[in-house]
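Descriptive analysis of the structure
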Amino acid sequence: MDKQAILSRVDHTELNPAATWEDIRTLCDDAITYGTATVCIPPCYVKRAVGYVDGKLPICTVIGFPHGNSPTAAKAYEAKCVAEAGAKEVDMVINRGWVKDGLFEAVTNEIAIVARACAPATLKVIIECCGLTDTEKVALCHCVTQAGAAYIKTSTGFDKGGATVQDVQLMARNVGPGVKVKAAGGIRSFEAAQAMIEAGADRIGASALVKLMKSEG
């Protein structure tokens, strides 16, 4: 797979809490230039970024980020706000405490509520694989499928570990029909991105790949 084909699957990402509008504007410019799938940015910049790109690029954002343990009503309201601001894709973080308590029905219900709140935007569900057992990851594949989300996503990139080929393979085997996998966290080379795609990822979350292209001139 050539580099441009990989970039077409990338959510070009800037989620630093100190990111400025200038950072976001540069991110959008680079994403348009290099043909990425989206930019993934903090919620506060969605409306401005939508106006700035003027239809040239879908805007993705995050909610309940990065910890996932805010109230469901707060996540739903945040999702509704960013969708109304023009976000086409929304990446939410699950409540991992509920997972550890075995409350998978509550996790499913929350995902479904957020999916309805942000519709028709695409919902991706971040499960933070590095803190989970394989059994929990498989159970969450079923939760995401049952709740009607479009993607399951490996990581926020803010915890102790990021995407692994093994996790992508596990998730790809266990999600239902029509549910896709997004690999994110620690993907810093085109070789790593291709390995994730070959393992079953449809989308890649990364900040490094466009930078690599720029460095090559």
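Coordinates for the structure precede this section.
For clarity, every value in this text was computed on a predicted model and none was experimentally measured. (Residues numbered from 1 in each chain as written. Predicted model: local features only at pLDDT ≥ 70, side-chain atom pairs only at ≥ 80, totals over all residues. Heavy atoms only, no water.)

**Some details on the overall build of the chain**
- Within the chain, the regular secondary structure consists of ten helices and eight strands.
- Taken along the three principal axes of its C-alpha coordinates, the chain extends 50 × 35 × 30 Å.
- Per-residue burial over the chain gives 50% buried out of 217 residues.
- Here the contacts in the chain between residues at least 6 apart in sequence split such that 67% fall between residues at least 24 apart.
- For the chain, the exposed surface amounts to about 9400 Å²; the carbon and sulfur share of it is 51%.
- One way to put it: in the chain the 23 positive side-chain charges average out to a point 2 Å from where the 24 negative ones average out. (Helix = DSSP H or I, 4+ residues; strand = E, 2+ residues; numbered from the N terminus. Buried < 20%, exposed > 50% of the residue type's maximum accessible area, 1.4 Å probe, protein only. Contact = heavy atoms within 4.5 Å. Areas by Shrake-Rupley, 256 points an atom, 1.4 Å probe, with all protein chains shown as cover. Lys, Arg positive; Asp, Glu negative; His and termini not counted. Charge placed at Lys NZ, Arg CZ, Asp CG, Glu CD.)

**Re the pairing of strand S7 (residues 180–184)**
- With four of its five residues buried, S7 lies for the most part within the structure.
- Sheet topology places strand S6 (residues 151–153) next to S7; three bridges connect them, and they run parallel. Considered in S7, the bridge of Ile152 is made with Val181.
- Crossover handedness for the path S6 to helix H8 (residues 165–174) to S7: right-handed.
- One ladder, built from three bridges, connects S7 with strand S8 (residues 203–206); its direction is parallel. Following the sheet pairing, Ala183 is matched in S8 by Ile204.
- Between the parallel pair S7 and S8, the chain is carried across by helix H9 (residues 190–199), and the sense of this crossover is right-handed. (Pairing = 2+ DSSP bridges. Right-handed = clockwise from strand over helix to strand, strands pointing away.)

**Notes on the environment of Leu209**
- Residue placement: Leu209 occurs in helix H10 (residues 208–215).
- Here the alpha-carbon distance between Leu209 and Thr13, two residues 196 residues apart in the chain, equals 10.0 Å.

**Some details on the packing of helix H6 (residues 104–118) against helix H7 (residues 134–147)**
- One can describe the packing of H6 onto H7 by two numbers: an axis separation of 8 Å at closest approach and a directional angle of 40°. The orientation of H6 with respect to H7, classified from their angle, is oblique. Both H6 and H7 take part in a crossing whose hand is right-handed. Counting all contacts with H6, which are made through Phe104, Val107, Thr108, Ile111, Ala112 and Ala115, the residues of H7 involved are Glu136, Ala139, Leu140, Cys143, Val144, Gln146 and Ala147.
- Looking at the contact of H6 with H7 residue by residue, the classes come out as ten nonpolar, two polar and one charged. (Axes fitted to C-alpha atoms, helices over the stretch in contact; angles between N-to-C directions. Parallel < 35°, antiparallel > 145°, perpendicular 65-115°, else oblique. Left-handed = near helix turned anticlockwise from the far one by under 90°. Nonpolar A, V, L, I, M, F, W, Y, C, P; charged D, E, K, R; others polar.)

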